[in-house]
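Chain and residue survey
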Amino acid sequence: MGIGRVLMTADGVGGVWTYALDLACGLRVHGITVTIATMGPRLSVDQHGEAARRGIDVREGDFALEWMDDPWTDVDAAAGWLLALEDECRPDVVHLNGYCHGMLPWRAPVVVAAHSCVGSWWRGVHGRAAPSSWDTYRERVRDGLAGAAIVVAPTRAMLEALQREYGAVADGRVIPNGRSRPHPHPHSHDPIIFSAGRIWDQAKNIDALCRAAARLRWPVCVAGDSVRTDCQSIGGVRYLGRLSQEEMHEWFARASIYVLPARYEPFGLSVLEAASAGCALVLGDIPSLRENWDAAAAFVDPDDQDALVHAIDELIDQAALRRDMAARAHERSRGFTVERMASTYAALYEEIAALSEKT
């Protein structure tokens with residue numbers, strides 16, 4: 001059967017929003033129209049504007065996300081809203097960018113995309129399983145995964161982490177994320193070290209770069225959510241706040257070195273954007289980032305600040321090495337396209353729809 005419509009959930013908190021917009025646009029080439037149903041904090045004016053410019057149908061719900069504090073009344077209320085949207089939209093496939101709603105009585109077959117989870121975040125950041133206060137979350141995620149026809153992760157590392165935290169996944173696939181290449185900015189690649197992400201998130205570990213800034217000869221510029229950060233009071237760091245996509249592209253084009261010493265990062269869209277812009281990369285030595293960028297980045301122990309400073313200093317001191325590493329990262333980035341991501345998902349949707357017809 002041909003797939004004509006997909007109902008997709010998303011939120012505006014992090015990279016899932018970018019992923020959902022890019023995938024929705026990429027699927028148009030395959031004749032697939034996507035309705036995006038958002039939960040969590042209300043979308044910003046910029047996010048609404050971006051969706052409108054790209055001609056994407058967005059329905060906004062006012063429900064807490066499953067990883068937030070005590071969200072279950074909202075999660076259950078969102079279930080009714082989502083099932084009503086399915087009745088209205090009549091999708092051929094439901095694509096969930098979350099877990100707990102996978103167990104609902106959907107008419108259409110369900111794909112669950114695993115971008116992150118509390119269990120693997122906690123283990124990556126703290127080195128141990130999440131405490132018992134997360135047991136309800138664990139149970140609800142496990143039930144949601146069981147309701148999916150297929151579970152997708154952006155890296156093999158994330159799929160394995162999901163299986164470790166919640167048990168075997170009946171049918172797990174890896175589909176790497178992709179990014180649209182922006183209109184090119186002049187690539188000045190000034191003597192700037194850049195990083196971006198949720199600075200309050202221990203998983204991103206941007207604090208490590210901020211603490212190292214005083215030991216580095218190039219200025220450090222950091223963009224990201226300002227919910228809680230010490231960076232603004234640390235010498236040598238220019239804090240840029242939350243930037244628009246256009247502003248982010250300008251900074252990726254200006255910087256020579258992009259640093260993300262992450263403890264946990266299931267894929268790393270910001271790394272892909274930096275590589276695509278021609279930055280040399282310094283990354284946390286974790287399985288997911290190794291999977292995507294091995295031999296195309298310098299890797300450091302996220303908890304070894306001396307190693308972080310040394311890796312950045314090497315790239316500052318050795319221009320030829322810096323250019324070589326930037327070229328390697330740029331070449332690697334060419335494989336992570338929206339076109340490849342969308343065509344793989346389109347084929348997956350066809351597969352599960354055909355299986356659904358047989359059952």
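Residues numbered from 1 in each chain as written. Predicted model: local features only at pLDDT ≥ 70, side-chain atom pairs only at ≥ 80, totals over all residues. Heavy atoms only, no water.

Turning our eyes to something else, we now look at the overall build of the protein chain. A count of helical and extended segments in the protein chain gives 13 helices and 13 strands. Relative to its length of 359 residues, the protein chain is compact, with a C-alpha radius of gyration of 20 Å against a globular reference of 21 Å. Along the first, second and third principal axes, the C-alpha atoms of the protein chain reach 60 × 45 × 35 Å. Per-residue burial for the protein chain yields a buried fraction of 55% across its 359 residues. Once local pairs closer than 6 in sequence are excluded, the contacts in the protein chain between residues at least 24 apart make up 66%. Entry remark: accessible area of the protein chain is about 15,200 Å², with carbon and sulfur atoms responsible for 49%. (Helix = DSSP H or I, 4+ residues; strand = E, 2+ residues; numbered from the N terminus. Rg over C-alpha atoms; globule rule 2.2 N^0.38 Å. Buried < 20%, exposed > 50% of the residue type's maximum accessible area, 1.4 Å probe, protein only. Contact = heavy atoms within 4.5 Å. Areas by Shrake-Rupley, 256 points an atom, 1.4 Å probe, with all protein chains shown as cover.)

On to the pairing of strand β8 (residues 193-196). Across the two faces of β8 the burial is the same, with Ile 193 and Ser 195 and Phe 194 and Ala 196 all buried. Crossover β8 to strand β9 (residues 220-223) through helix α7 (residues 206-212) is right-handed. Across 2 bridges, β8 lies against strand β11 (residues 257-260) in parallel orientation. Counted as the bridge partner of Phe 194 is Tyr 258 from β11. (Right-handed = clockwise from strand over helix to strand, strands pointing away. Pairing = 2+ DSSP bridges.)

Through backbone hydrogen bonds, the strands of a sheet pair up, either in parallel or in antiparallel fashion. Strand order in the open sheet formed by 6 strands is β10-β9-β8-β11-β12-β13, with parallel pairing between adjacent strands. Edge strands, defined here as strands with exactly one partner in the open sheet, are β10 (237-241) and β13 (298-300). Across the sheet, the axes of successive neighbouring strands diverge by a mean angle of 20°, strand direction being ignored. Two strands pair when backbone bridges link them, and β11 and strand β12 (residues 280-284) are joined in this way by 4 bridges, in the parallel orientation. Along β12, the bridge assignment pairs Leu 260 with Leu 283. Those strands touched by helix α8 (residues 245-254) are β8, β9, β10 and β11, and its axis lies near 150° from that of β8. Each of β11, β12 and β13 is contacted by helix α12 (residues 319-333), which is oriented at about 75° to β12, the strand it contacts most. (Axes fitted to C-alpha atoms, helices over the stretch in contact; angles between N-to-C directions.)

Now for the nonpolar core. Most often, soluble globular proteins keep nonpolar side chains buried together rather than apart. The biggest cluster of nonpolar side chains holds 58 residues, and the ones touching the most others in it are Ile 193, Phe 194, Tyr 258, Leu 281, Trp 293 and Ile 312. Excluding residues that lie within four positions of it along the chain, Ile 312 makes contacts with Ile 193, Leu 209, Leu 216, Ile 257, Val 259 and Val 282. One finds Leu 104, Val 125, Trp 134 and Tyr 137 within the second-largest nonpolar core, a separate group that totals 40 residues. (Core = buried A, V, L, I, M, F, W, Y, C linked by side-chain atoms within 4.5 Å.)

Let us now look at the side chain of His 95. Along the chain, His 95 turns up in strand β4 (residues 93-96). Its relative accessible area of 0% is what places His 95 among the buried residues. At 3.1 Å, the side chain of His 95 forms a polar contact with the side chain of Asn 97. A distance of 2.7 Å separates polar atoms of two side chains, one belonging to His 95 and the other to Tyr 349. Apart from the residues lying within four places of it in its own chain, the contact partners of His 95 are Val 6, Leu 7, Met 8, Thr 9, Tyr 19, Leu 23, Val 111, Ala 113, Tyr 345 and Tyr 349. (Polar contact = N/O pair within 3.5 Å; in protein donor to acceptor, adjacent residues only side chain to side chain.)

Here we take up the environment of Met 39. Tracing the chain through its elements places Met 39 in strand β2 (residues 33-39). For Met 39, the contacting residues outside a window of four places in its chain are Thr 9, Ala 10, Asp 11, Gly 12, Gly 61, Phe 63, Leu 65, Ala 78, Trp 81, Leu 82 and His 101.

Here we take up a negative patch on the surface. A cluster of acidic residues, Asp 46, Glu 246, Glu 247 and Glu 250, forms a negative patch on the protein surface. Here the negative patch gets 3 residues from one element, more than from any other, and that element is α8. Positionally, Asp 46 belongs in helix α2 (residues 45-53). (Patch = residues over 30% accessible without salt bridge, like charges linked within 9 Å, V, L, I, M, F, W, Y side chains within 5 Å. Salt bridge = Lys/Arg side-chain N within 4 Å of Asp/Glu carboxyl O. Lys, Arg positive; Asp, Glu negative; His and termini not counted. Charge placed at Lys NZ, Arg CZ, Asp CG, Glu CD.)

Quick look at the packing of aromatic side chains now. Here the structure, examined in full by the defined rule, presents 11 aromatic pairs. Ring geometry for Phe 63 and Trp 81: centres 5.4 Å apart, planes at 40°, overall tilted. Here the residue Phe 63 occupies a position in the loop between β3 (57-60) and α3 (72-89), and Trp 81 occupies one in helix α3, the gap between them amounting to 18 residues. The exposure class assigned to Trp 81 is partly exposed, which follows from its relative accessible area of 21%. Between Trp 293 and Phe 336, the aromatic rings sit 5.7 Å apart at their centres with planes inclined by 40°, giving tilted as the arrangement. (Phe/Tyr/Trp six-rings, centres within 6.5 Å; stacked < 30°, edge-to-face > 60°.)

Another point: the sheet that holds strand β6 (residues 150-153). Reading across the sheet, the 7 strands line up as β3-β2-β1-β4-β5-β6-β7 and stay open at both edges, with parallel pairing between neighbours. Among the strands making up the open sheet, the edge pair consists of β3 and β7 (172-174). Averaged over all adjacent pairs, the angle separating strand axes in this sheet is 25°, with direction ignored.

Here we come to the pattern of salt bridges. By the definition in use, this model includes 24 salt bridges. Here Arg 140 makes a salt bridge to Asp 76, at a shortest N to O gap of 2.6 Å. Of this pair, Arg 140 sits in helix α5 (residues 135-146) while Asp 76 is found in helix α3, placing the two residues 64 residues apart along the sequence. Here Arg 140 falls in the partly exposed class, since its relative accessible area comes to 22%. Residue Asp 76 is classed as partly exposed on the basis of its relative accessible area of 44%. The network of salt bridges with shared partners includes Asp 22, Glu 50, Arg 54, Arg 179 and Glu 273.

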